[in-house]
Amino acid sequence: MTFRLLFFSLLATAMGQSVVMTTLPPLGREVGLSEFNVAFLMSSSAIMYALGNAFWSRIGKKRGYRRILIIGLSGYTMGTLIFASVWFVGLQGWLAGSALFAALLLSRTGQATIMSATPPSVVGMAIAISNDNERVKAISKVSSAHSLGQILGPTFAGLMVSIHLLAPLYGITLMTLIAVVLVWRFLPQVHAASANAPAGSKASQPARTIQPFVPVLIAMNVSVFLAIAMMQQSLAFFLIDHHGLTTTEAAQAVGLAMMISAVCALTIQVTLVQRTSMHPGNLLKIAFPLLSIGYLIIYLHQQPMHLYIAMLFLGSGLGISYPAIAALASSSCKPENQATVTGFITASPAMGYIIGPPIAATLYSMGNRMPFIAASVLLALVTVIAITHLRARPTKVNP
């Protein structure tokens, strides 16, 4: 029951995030915002999200993950409602220019600050109730909700934008509200301190310090999501400017592409990550090349079918990389340091979104395919680092 509630909580927020990423560039075009305005909205909210992840991870360890998860889900519900309403005011022409941008910025950063409590609470609880040798599978179980959310979110957005561009944002608030009620009613309280020392398990193991390659793993995860941010920031604009799609058509096309990627990520997690006995370090040596190839195909693509093929590679790489990185990093430290490491791991996607959108906007002004080749080169470099730096890692996570 606990894993199901954690799964649904992350699913609701993942759907919401994928809806936002699908609709934000077209909405920006509708109200006259530039690519840099949209990039700044993404980056500023990502800064607050990253800071919030580290903060809420520590608070969750002290106050209990259930309470912090309820805060995160409640903040997401109210924040999305306010954010969508500001867009509505802008689309009606009641607010425009700098005033509209300021209102969007304030509502989005406020939302990000509170909703950032959700991922560290979910991942922290998953780590707390699982043994070391089951950690990859446990994290994969809950993180697969993110993949499913990316499947359902763009699909939901694609259907709802035919009604109105804002319909997906308003609609997603209902799902996060349901998640709040379910967590409040049924999820048991779990404290990191009490869950980290079951009899004959973690308490009996030798203490571990944080290994020096943990910061490298966090940097790798930041790079993965930096590349995703560059792609998501640029793809809708590319489809509008290069392929001549309307804003609604671009939102639907991006939604379909992201759905294909997420289906592949979920499939790879269920069929490989949750069943394999491979060391997480070896899984990463598979994931990063797949990501690099995917972005290269997007850079080279001429037909929509090529884009969707690229999404198969991206989905496969993403489905493997996050649970492998999270498991390898959290298993390489003392139990008392796991909250800190978990906070950094769950914050690392937001770190990528801090710098990814402005970099993409700058590269896009130089050439509308430049963000995609930059992402490919970045992941190729990460592949080299993974092969060289992780080659001496042991075959088992446990010491």
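Given the structure is predicted, the values throughout are model-derived calculations rather than measurements.

Caption draft 1: Spatial organisation of the environment of Ser-223. Of note, Ser-223 is situated in helix H9 (residues 214-241). With relative accessibility at 15%, the residue Ser-223 sits in the buried group. Once the C-alpha coordinates of Ser-223 and Ala-375 are considered, the two residues, 152 residues apart in sequence, prove to be 8.8 Å apart.

Caption draft 2: Here's a closer look at the confidence of the model for the protein chain. Considering every residue of the protein chain, the mean pLDDT works out to 82; 85% of them sit at 70 or more. Note that residues 193-210 has pLDDT below 50 and, in this model, 36 contacts with residues that lie over four places away or in other chains. Here residues 392-399 scores under 50 on pLDDT; set against residues more than four positions off or in separate chains, the count is 13 contacts.

Caption draft 3: Spatial organisation of the packing of aromatic side chains. A full pass over the atoms with the stated rule returns seven aromatic pairs. Seen from their ring centres, Phe-83 and Trp-87 are 6.0 Å apart, and the 80 degrees between their planes marks the pair as edge-to-face. Taken together, the positions of Phe-83 and Trp-87, both in helix H3 (residues 65-91) and four residues apart, correspond to about one turn of that helix. As far as the burial class goes, Phe-83 and Trp-87 line up, both buried. Aromatic side chains Phe-88 and Trp-94 sit 5.9 Å apart centroid to centroid with 80 degrees between the ring planes, which places their arrangement in the edge-to-face category. The ring of Phe-83 carries Arg-108 above its face, with NZ or CZ at 5.5 Å from the centroid.

Caption draft 4: Layout of the nonpolar core. Counting residues in each nonpolar core, the largest one holds 90 residues, and the members touching the most others are Trp-87, Met-231, Phe-288, Tyr-295 and Ile-298. The biggest single contributor to this core is H9, with 19 residues. Setting aside chain neighbours within four positions, we find Tyr-295 in contact with Val-224, Ala-227, Ile-228, Met-231, Leu-314, Phe-372, Ala-375, Ser-376 and Leu-379.

What counts, and where the lines are drawn
The residue numbering used here restarts from 1 in each chain and proceeds along that chain's sequence as written. Per-residue local features are limited, in this predicted model, to residues with pLDDT of at least 70; the limit for side-chain atom pairs, both in listing and counting, is 80 or more; totals at the level of whole chains, interfaces and linings are taken over all residues. Only heavy atoms go into the side-chain values, all of them from the structure, while hydrogens and water stay out. For the purposes of this entry, the term helix denotes a DSSP run of H or I that reaches at least four residues, the term strand denotes a run of E that reaches at least two, and both are numbered from the N terminus. A 1.4 Å probe rolled over the protein chains alone gives each residue an accessible area, and that area as a share of the maximum for its type sets the label: buried under 20%, exposed over 50%, partly exposed in between. Residue-level confidence of the predictor is what pLDDT reports, using numbers from 0 through 100. Every residue pair with non-hydrogen atoms within 4.5 Å of one another is taken to be in contact. We call Phe, Tyr and Trp rings a pair once their centres come within 6.5 Å, taking the six-membered ring for Trp, and we label the pair stacked below 30 degrees between planes, edge-to-face above 60, and tilted otherwise. Placement of a positive charge over a ring is assigned whenever Lys NZ or Arg CZ falls within 6 Å of the ring centre and within 35 degrees of the normal to the ring plane. As used in this record, nonpolar core signifies buried Ala, Val, Leu, Ile, Met, Phe, Trp, Tyr and Cys residues forming a set joined through side-chain atoms within 4.5 Å.

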